[in-house]
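Remarks on the overall topology
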Amino acid sequence: MVPLPMSHTTFRSRVRIALAAVLLLVVGFVGARPVGGVPALGGFLDPAGGVWALARSARLPERSSARIAGLTGPVEVRTDDRGVPHVFAATEEDAWRAQGYLVARDRLFQLELQRRATTGTLAEVFGERALEADRTARRRALAWMADRNAAKADAGTLIARAARAYADGVNAWIDAMPRSALPLEFRLLGQRPARWEPRHTYYLFAQMALTLAYEDEALSRLGVRALVGRAATDALFPLNSPIQEPIQPNGAGTPRYDFTALPPPGAPDTVAEIAWRERESIDLALGLQPDGPGLGDAIGSNNWVVAPGRTAAGYALLAGDPHLELSLPSIWYEIHLHVDNGPDVAGVTFAGSPGVIIGFNRNVAWSFTNTGADVRDYYAETVDDASRPTRYRVDGDWRPLDRRIEVFRGTGGETLRVDTLYSTHRGPMVREGSRWLSIRWTPFEAGRPGEDFLLLDRAGSVPEWLDGWKEFVAPAQNGVVADRTGRIAIRSTGKYPVRPGGGRGDEVQDGSTAASDWTGFLPLGSYPFAIDPAQGFLASANQQPVDPAVNRNYFGSNWYSPWRAMRINEILRADSRVTPESMRRFQTDPGSARADAFVPALLAAAERMAAAGRADVALRRAAALLAEWDRRYTRDNRRAVLFDRAMVELTRSVWDELIPPAERNTPMARAVAYPEEMVLLELLADSSSAWWDRVGTPEVERRDDIVAAALRTSLASAEKELGPPESDEWLWGRAHHANVFHLLRLPALSALELPVQGGPSTLSPSPGRGTHGASWRMVVELGPEVRAWGIYPGGQSGNPASPFYLDRLPGWLAGTLDPVLFPRSIEELPPARIRSALSLRGGP
Amino acid sequence: MTLRGLLGFVVLTLAFAAATSLGWWAVPATAALWGALLPSVRRPALVAALAAALAWAGWLLVDGISGSGAFGILATRLSILMHLPSVALVVLTLGFAAVLAWSAAVVAGAGGGRLRGN
């Protein structure tokens, strides 16, 4: 039988059907599966539960209810017009459960990313490209050590109870979360949130300890020693700050300059070079050299308290502004927890941490800055098998190594790699070349991380507050506190290791003998401390905490130049009627003790050059322009740019001996470490120091030659890049910016190139790349009723469509603070300021 | 279009809107049902495509109106993120629904026809 020819219509119909079938398959496939980095389009574009639905979940419902397993009584939450939840609960545990629920609601992706970064499970989200980061994180063993500590801890401890309650809350949100509320980042990555476990709270504190206690002064010292010898290194990286303006007042009333002539660069030290390379390699392997600030950058936190005798209202005042990497959403989450007959505390905390970390309650206010203590040492271990060790030797005895098998998985759950981690009694052990090195580091030894903050939340007075964190381990913090009775205090708290012979632990220690181990920790009574000082105020800004003439204990040597401390102390000494408003103003004060110290020295050098007939037109112009500067980093300032560039030039050219010889003539030339600028100021007093002579030039340069060259070069580069000095491109607000990146560094979700007031080493430093800054600013007045003001860059919500995603940014940029609501009851909350009411009840 | 046809279109649009609350996959499922069960409607696949797009547009419209600007903020951020104009993102969203519905309706219509012996 001969088939009938197909009609034209039938053919078209079949083609249409075939086309539709192919289209259905293709569209169905891209709807269901991510393709080439594009998320699965079906779930993504679906207007009911996809990305568009984020607009719906961006606004909190006016009234809602939810259930949290384990809740022992009803909890009421009112979210105010700043997006801050006020939690009213009958017990602390219920308050923490509610807190977990609220943080999960507002910051779920942040919780997930932080946890994955610490546990080294980023490859499960980002694939193989994150494998090395994961291996580094697991080698660092923060999660392992936290697990080990948690296993040893009593399940009834305060932090254990808090972490469990918090996890209940987080998981209640995850379990009942509507499709529309899944955060954008999960959608982009095609992921779902994992359940939160109590141990994840411990990981968070371990990660924070890493952020604040990673700095390796020993590495800088070894690198410099390798190039210029020990004597020069000791002078460039002195044990004690050459400008003494300590946290614990020394009674001087003004900064003390302990300047001496720096010894000349010495011969390279090959032993130090080997030790340096080794330590650098370990630090890199452990990711202990995060991408921190570069040359010209400077970060730093501030806090200060003023006693009633020096305030206009006669009440103690406290200000705090911890400086950290800025991010969207912010590292901080603001909350108020009111517990019937219990803590009534408000302030900020990390996503993942129960309670409040920096804040205030009905009687006390507090804030922290980082101390920068020396708390990490390395030990060369003797192992039984260099390739597969099972034991290590101490004092002739073989001890078993703890081992942990680490499996790294990819996005599909496939195994990417398996590593074995080792640990000695000192801490994790890693292989470096042919050696095995173990690490002892105080963050590994925090048995009940975070518990201290919960105790602070309960404190009713300054002494109670000081008692609350007397066991605090790491990262060492300078905590200031004030209470309603007018008492003020400060203490640099954390475990400070005591090494055999009082050594610094720069070099790798011999692990084969217990005699190398820390012999203990400094007693609480030797911590830098002051209470109710005669001067009527206390301040810290990451400077050396105590004058060595007063307390000779070794705490560390990584002290920032005390420019900010000098500035705030100068302001506080001059003002005996401080108000909350002036405290706010001080936080973004554009004045600079650094500029006050250096500008006269630079101008004096230029004048000497002119007097000697060696000043050309360019130098005269540069000096004249610099002299016009009022030494203030305001946004509309046109001369700060020149000073900033001159300082970078000066630093580069003075410390050229610290650039490895092989790199000196390359574009990437960079010193192995730069001494603090207070050392540069010390050097400026010595016109003929050998440090002024440039390496590789036939002439012998002296101080004024180098300063003059820095001024000329900085003017030339500024004019080349920014145009003439009167141009708007010279405005500080245009030349320098703050950059608040989204957690995934997605520009669309970030706030970039923001003009800010403040420069390097002002009280609100906004230097270099601008990625670090005041992560939270707070002022508290401890009167009959506690009043507080606060702000951070960003907003409470992690949802980019939320009105609370970026709402605080304009105020933060302007240096203003929001009044913080602190009601004793729901009824005290002004109804007009309530945006959302949430009732939480116990449930299955 | 007749009144009955218009009514049918409205019902189908509402059906798509309701089905979407179950998930995006409900769009081709609904379209397939429509294509298989109602072949007598003129151009059923095109009607399904239009109804699906309209249903999704309705979802977007409701969010746009009720969100006090959140939708606009979101659209702007997404457009920067995906290097597409906001309008293109909306068109992509509606187009996705339309193509899903059209193709499912055509395929189901053909399958339904075979089952009915057409």
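This write-up is about the structure you can find in this document. (Residues numbered from 1 in each chain as written. Chains lettered and ligands numbered in written order. Predicted model: local features only at pLDDT ≥ 70, side-chain atom pairs only at ≥ 80, totals over all residues. Heavy atoms only, no water.)

A count of helices and strands for chain B gives 5 helices and 0 strands. Each helix (α) and strand (β) of chain B, taken in turn from the N terminus, gives the series α-α-α-α-α. Once the C-alpha set of chain B is aligned to its principal axes, its extents read approximately 50 × 30 × 25 Å. Split into buried and exposed, the 118 residues of chain B put 43% on the buried side. Sequence separation of at least 24 residues holds for 69% of the intrachain contacts in chain B that already meet a minimum separation of 6. Working note: accessible area of chain B is about 6000 Å², and carbon and sulfur atoms make up 75% of it. (Helix = DSSP H or I, 4+ residues; strand = E, 2+ residues; numbered from the N terminus. Buried < 20%, exposed > 50% of the residue type's maximum accessible area, 1.4 Å probe, protein only. Contact = heavy atoms within 4.5 Å. Areas by Shrake-Rupley, 256 points an atom, 1.4 Å probe, with all protein chains shown as cover.)

Below, the discussion takes up the packing of helix 19 (residues 640-654) of chain A against helix 21 (residues 703-722) of chain A. Residue and element names in this part refer to chain A. For the pair helix 19 and helix 21, interaxial distance at closest approach is 8 Å and the crossing angle is 130 degrees. Taken together, the axes of helix 19 and helix 21 are oblique relative to one another. Our pair here, helix 19 against helix 21, has a crossing hand that is right-handed. Contacts between helix 19 and helix 21 pair Val641, Leu642, Arg645, Ala646, Glu649, Leu650, Ser653 and Val654 from the former with Ile706, Val707, Ala710, Leu711, Thr713, Ser714, Leu715, Ser717, Ala718, Glu721 and Leu722 from the latter. A class-by-class count of the residues in the contact of helix 19 with helix 21 yields 12 nonpolar, 4 polar and 3 charged. (Axes fitted to C-alpha atoms, helices over the stretch in contact; angles between N-to-C directions. Parallel < 35°, antiparallel > 145°, perpendicular 65-115°, else oblique. Left-handed = near helix turned anticlockwise from the far one by under 90°. Nonpolar A, V, L, I, M, F, W, Y, C, P; charged D, E, K, R; others polar.)

A few words on the sheet that holds strand 19 (residues 428-432) of chain A. For sheets, the rule is that strands pair by backbone hydrogen bonds, running either parallel or antiparallel. Residues and elements named next belong to chain A. The 6 strands are arranged 17-18-19-20-14-24 in an open sheet whose pairing can be described as mixed. The strands lining the two open edges of the sheet, one partner per strand, are strand 17 (402-409) and strand 24 (509-510). Two strands pair when backbone bridges link them, and strand 17 and strand 18 (residues 415-423) are joined in this way by 8 bridges, in the antiparallel orientation. Each bridged residue has a counterpart across the sheet, and for valine 407 the counterpart in strand 18 is valine 418. In the packing of helix 7 (residues 142-152) onto the sheet, the strands contacted are strand 17, strand 18, strand 19 and strand 20 (435-441), and the crossing angle to strand 17 comes to about 130 degrees. (Pairing = 2+ DSSP bridges.)

Further remarks concern the pairing of strand 20 of chain A. Residues and elements named next belong to chain A. Within strand 20, 6 of the 7 residues are buried, leaving the element largely enclosed by the surrounding structure. Of the pairings in the sheet, the one linking strand 14 (residues 376-381) to strand 20 comprises 6 bridges and is antiparallel in character. Its bridge partner being in strand 20, aspartate 377 is matched across the sheet by arginine 440. Note: strand 19 against strand 20, 4 bridges, orientation antiparallel. Considered in strand 20, the bridge of glutamate 432 is made with arginine 435. Between strand 19 and the antiparallel strand that follows it, strand 20, lie 2 residues; glycine 433 among them carries a positive phi value of about 60 degrees.

These figures come from the coordinates and say nothing about function on their own.
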